[in-house]
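# Working through the structure, step by step
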Amino acid sequence: MSLLTKSVDVPAFARTQLALLDIELQSEISETSGLISGTSPASLQRAGLAITNLVVSSQRTGLGGRTVLELAPDAATSGSGSGSVGELPEHGVRTGDIVLVSEQPAGSAKKREVKDLERKGVRGVVIRIKRDAVAVAVDEDKEENAAATFAGRVWLVKLADDVTYRRMKQTMERLADMPESEYSAFTRVLFGLTTPSLVPADLAKDPEFGDGKIEWFDPTLNDSQKDAIRFALASKEIALIHGPPGTGKTHTLIELILQMVKCGLRVLVCGPSNISVDNIVERLSPHKVPIVRLGHPARLLPSVLNHSLDVLTQTSEAGLIVKDVRAEMDTKQASIKKTRSGRERKAVYADLKELRKEYRERERRCVGTLVGGSKVVLATLHGAGGNQLRGEKFDVVIVDEASQALEAQCWVPLLSASKAVCAGDHLQLPPTVKSTNSKTKSKVAKPKEGAEKEKDSGVVIKGASLEITLFDRLLKLYGSSIKRMLTTQYRMHEKIMRFPSDELYESRLVAADAVKERLLRDLPYEVQDTEDTSEPVIFIDTQGGDYPEKNEEEEDREGKDRKGGGKKGSIRSLFGESKSNEMEAALVKQHVKKLVEAGVRPEDIAVVTPYNAQLGLLAPLKEAFPGIELGSVDGFQGREKEAVIVSLVRSNPEGEVGFLSEKRRLNVAMTRPKRSLVVVGDSETVRRGSKFLNNWMDWLENNADLRYVDAASIEA
């Protein structure tokens, strides 16, 4: 049975997801576990995955009654390395990361000793990062270890997040075990067992949803946005809003939420990441609708904290009842340092446990009041599976960035829904899947002839992949009958937009008047009119083989012959195989320099590339031009800049392009800029990768400002 037939065997689907999720989690756990025991702390820090040479400087009670450890650089070592005395060294740890805090192993420590220290450590979430300290909210089950064990030097390491997997697994198990008689009408539609209710084709003239009936909160909405909102309001079970780059998808969702609240509906808004949810909270908050944002406060943008459950439980009237218990907990935390024996410390933790129990009970009642009184509740997809929403009823679930979410993740809020609106763009990158075995292979059991669709049929679906999202599957199932597309884009110059529109979006995108002719020379500050600031699309073609790519093994071999080079190679190896191209990097640096000399501010420029090793070569740009942004194509999805330079890297006689052949990745790369897109690459190699790449090279040669470069003219 194929995954994308007109109907889906629900138990088989759920079991398939469980099998794939298990592979993915094991892949992530073994990756992080292997890194901790198999890589030195110093190497992990250079790779951005750890912070070393820390001490516990204080311990207190944080939001939600959690124990918070403040970690600061060890005075004995903080003078060395890249950080100044008392400052943290350069690192890649971010607020919201799940980390392990443990005693730091010596450089000579054996794997077994490192594992032992890892076992004694504590897990937690990074809640704040300052120049001179990092604060971690510790998991309760091991908080006693924190004070008892960490008398000396500690380090923290980023870990895999297994909470999301647990929620997805629980949801898929429920779905696998559910008898068909319990499927809701909504569930039946989403699996193709029944068809969606019909929606009139022209809703603008509909007596219920026409222009005369709907009073728009934002009258400046374009026709395609209004049509998508009408469609989402009129749909009975499912509506997809397809938002290509720059078409105002979030803007459309805000209007939709406000219209739904005006209709008396209660709405749950979810997204796969905290940032996707926070963007909606930020734009919704000025409208004075009662909203509450669920989620760990460490992972929320500062601008949305006032709407978070943790802050509301302190600042609202209902929250005052928990304040006195928290004060008592703080006193207990402070007394831990004064304890003289393990017995005394154990007694303090026993008291803390009781106080936390009372705190949680009071907090639970307070949370019930706050969530129950909210018209709009916002959470990540897996966050919607938490205790705070147990028993809560919503009329509609809105899933933003649905094309970047695993389908199992979407089912966490959807399993108890009766209507959903999913917004996204299936022609940009799907969710990141780490496991190499992300598809179920033919060796997996196939359905038996005449097998009943029962949970004991023991089959999983051949060819299924975690990269196939709910958005993808529903489009294959029902086509455009359940979708509306936003067609006016507000980001790109018309010429930058033209190729992706023609090749991927049925030539339906239209550039708004305000953006269609704007160039770098028109920025709202002084920029010279040069050949680089007056062209919207530039293609620097390196064809001819003078700019060959290097793979990582070559980098490592050469690195060991250069002073300090071996170290560089070892860091790269943490990220898996990668490619780089030194001559392309030199061309990129040269172009950035010319833009900045013409007056373009570095913070308005981004350089993106599909390869991490190429980012390593481009790193000096950050020092030369503070404010410039460097990033992988995948990491830049959802972002935009005035000028974007794309380094394609691949250049080889075989015409191999690797994952550059993924047109969704290229679509992301070419739709980030507002005024200037510069592509640097070898057209001879790239065009051989796929029909899409060949078409793009043809288009660039015919429509871009085409430049060929003499190798001798490149500045080192």
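Up top you'll find the structure we're talking about.
We now turn to the structure provided with this report. Predicted model, so just to flag it, every value in this text is computed and none were measured.

Cut-offs and rules
- Throughout, residues of each chain are indexed from 1 in the direction in which the sequence is written.
- Reporting of local features is limited, given that this is a predicted model, to residues whose pLDDT is at least 70; pairs of side-chain atoms are given and counted only at 80 or more, and all residues count toward the totals for whole chains, interfaces and linings.
- Heavy atoms from the whole structure form the basis of all side-chain values; hydrogens and water molecules are not counted.
- Secondary structure elements follow DSSP: runs of H or I no shorter than four residues count as helices, runs of E no shorter than two count as strands, and numbering proceeds from the N terminus.
- We call a residue buried when its accessible area falls under 20% of the maximum for its residue type, exposed when it is over 50%, and partly exposed in between, using a 1.4 Å probe and counting protein chains only.
- We call two residues contacting when some pair of their heavy atoms lies within 4.5 Å.
- To measure how exposed things are, a 1.4 Å probe is used in the Shrake-Rupley method; for residues, cover is taken only from the protein chains shown.
- Following DSSP output, two strands are said to pair if at least two bridges run between them.
- Whenever a helix is involved, its axis is fitted only over the stretch in contact; in every case the axis is a line through C-alpha atoms, and angles between N-to-C directions fall within 0 to 180 degrees.
- As used in this record, nonpolar core signifies buried Ala, Val, Leu, Ile, Met, Phe, Trp, Tyr and Cys residues forming a set joined through side-chain atoms within 4.5 Å.
- Salt bridges, as used here, are contacts in which a Lys or Arg side-chain nitrogen is within 4 Å of a carboxyl oxygen on Asp or Glu.
- For Phe, Tyr and Trp, where Trp contributes only its six-membered ring, two rings pair if their centres lie within 6.5 Å, and the inter-plane angle classes them as stacked under 30 degrees, edge-to-face over 60, or tilted in between.
- Our definition puts a charge over a ring when NZ of Lys or CZ of Arg is within 6 Å of the ring centre and also within 35 degrees of the ring normal.
- Expected span, for any helix, means 1.5 Å times one less than how many residues it has.

If you tally the helices and strands in the protein, you get 23 helices and 23 strands. The buried share among the 716 residues of the protein stands at 55%. Put simply, 76% of the contacts in the protein that link residues at least 6 apart link residues at least 24 apart. Within the structure as shown, the protein displays about 31,600 Å² of accessible surface, and the carbon and sulfur contribution to it stands at 48%.

A few words on the sheet that holds strand E7 (residues 238-242). Backbone-to-backbone hydrogen bonds join strands into a sheet, with any given pair of strands oriented parallel or antiparallel. A sheet is described by the order of its strands in space; here 7 strands give the open sequence E9-E10-E8-E11-E12-E7-E13, paired in parallel fashion. Of all the strands in the sheet, just strand E9 (291-293) and strand E13 (483-485) have a single pairing partner and so form its edges. The sheet shows a mean angle of 15 degrees between the axes of neighbouring strands, direction not considered. Along the sheet, helix H14 (residues 470-478) makes contact with E7, strand E12 (420-424) and E13, crossing E7 at roughly 110 degrees.

Our next topic: the side chain of Gln 409. Locating Gln 409 in the fold gives a position in helix H13 (residues 407-414). The class for Gln 409 is buried, based on a relative accessible area of 8%. Those residues in contact with Gln 409, other than ones at most four positions away along the chain, are Thr 164, Met 168, Pro 272, Leu 381 and His 382.

Another point: the sheet that holds strand E6 (residues 154-158). The sheet built from 6 strands closes into a barrel, its strands ordered E1-E2-E5-E4-E3-E6 with antiparallel pairing. Direction aside, the axes of adjacent strands within the sheet are offset by 45 degrees on average. Across 5 bridges, the pairing between strand E3 (residues 98-103) and E6 is antiparallel. Paired with Leu 100 across the two strands is Val 157, which belongs to E6.

Before going further, it helps to spend a moment on the nonpolar core. Within the largest apolar cluster, 62 residues are counted, with the highest numbers of intra-cluster contacts made by Met 172, Leu 190, Ile 238, Trp 411, Leu 414 and Leu 474. If you tally residues by element for this core, the top one is helix H1 (residues 10-38), at 8 residues. With near-sequence residues (within four places) excluded, Leu 474 lies in contact with Leu 190, Ile 238, Leu 240, Gly 479 and Ile 482. Phe 499, Val 644, Ala 669 and Met 670 belong to the second largest nonpolar core, which has 38 residues in total.

Moving on, we come to the pattern of salt bridges. For the structure shown, the criterion picks out 30 salt bridges. A salt bridge links Glu 640 to Arg 491; the nearest nitrogen and oxygen atoms lie 2.9 Å apart. Of the two residues, Glu 640 sits in the loop between strand E20 (629-632) and strand E21 (641-647) while Arg 491 sits in the loop between strand E14 (488-489) and helix H15 (494-504), which places them 149 residues apart along the sequence. Where Lys 674 meets Glu 640, a salt bridge forms, and the shortest distance between an N and an O atom there is 3.5 Å. Separated by 34 residues along the polypeptide, Lys 674 in strand E22 (residues 673-681) and Glu 640 in the loop between E20 and E21 bring together distant segments of the chain. A network of salt bridges, in which partner residues are shared, links Arg 491, Glu 640, Glu 642, Lys 674 and Arg 675.

On to the pairing of strand E5 (residues 134-138), then. Each regular strand carries side chains that alternate between the two faces of the sheet. Taken across its 5 residues, E5 has 5 buried, putting it largely inside the fold. Neither face of E5 is left uncovered, since the one carrying Val 134, Val 136 and Val 138 and the one carrying Ala 135 and Ala 137 both have all their residues buried. By the bridge criterion, 5 bridges tie strand E2 (residues 67-73) to E5 in an arrangement that is antiparallel. Looking at E5, one finds that Val 68 is bridged to Ala 137. Pairing of strand E4 (residues 122-129) with E5, which is carried by 5 bridges, proceeds in the antiparallel orientation. Each residue of the ladder has a partner; that of Gly 124, found in E5, is Val 138. Counting the residues that bridge the hairpin from E4 to E5 gives 4 residues.

This brings us to H15. Along H15, the residues classified as buried are Ile 496, Met 497, Phe 499, Pro 500, Ser 501 and Leu 504. Check the buried side of H15 and you find it contacts E14, strand E15 (510-511), strand E16 (537-541), helix H21 (663-670), E22 and helix H23 (691-703).

What follows covers the environment of Leu 666. Note that Leu 666 resides in helix H21. For Leu 666 and Leu 693, which are 27 residues apart along the polypeptide, the C-alpha to C-alpha distance reads 8.8 Å. Those residues in contact with Leu 666 that lie beyond four places of it in its chain are Leu 648, Leu 660, Phe 692, Leu 693 and Trp 696.

So, about the packing of aromatic side chains. This model, assessed by the stated rule, comprises 5 aromatic pairs. A centroid spacing of 5.1 Å and a plane angle of 45 degrees characterise the contact between Tyr 611 and Phe 659, whose relative ring orientation is tilted. Pair noted here: Tyr 611 is in the loop between strand E19 (605-609) and helix H19 (612-618) and Phe 659 is in the loop between E21 and H21, with a separation of 48 residues, a long-range link. Exposure remark for Phe 659: the relative accessible area of 35% places this residue in the partly exposed category. The rings of Phe 13, Phe 191 and Trp 411 are connected pair by pair, giving a single aromatic cluster. Between Arg 484 and the ring centre of Phe 231, over which it is positioned, the NZ or CZ distance is 4.0 Å.

Our next topic: helix H7 (residues 223-234). In a regular helix each residue adds 1.5 Å, so 12 residues correspond to 16 Å; H7 covers 16 Å between its end C-alpha atoms and thus fits that length. Among the 12 residues of H7, 10 are classified as buried, and the element is accordingly described as predominantly covered. Residues of H7 that are buried: Ser 224, Gln 225, Lys 226, Ala 228, Ile 229, Arg 230, Phe 231, Ala 232, Leu 233 and Ala 234. Considering only its buried residues, H7 is in contact with E7, helix H8 (249-262), E12, E13 and E14.

Honestly, that's just the spatial picture; any functional story needs more than this.
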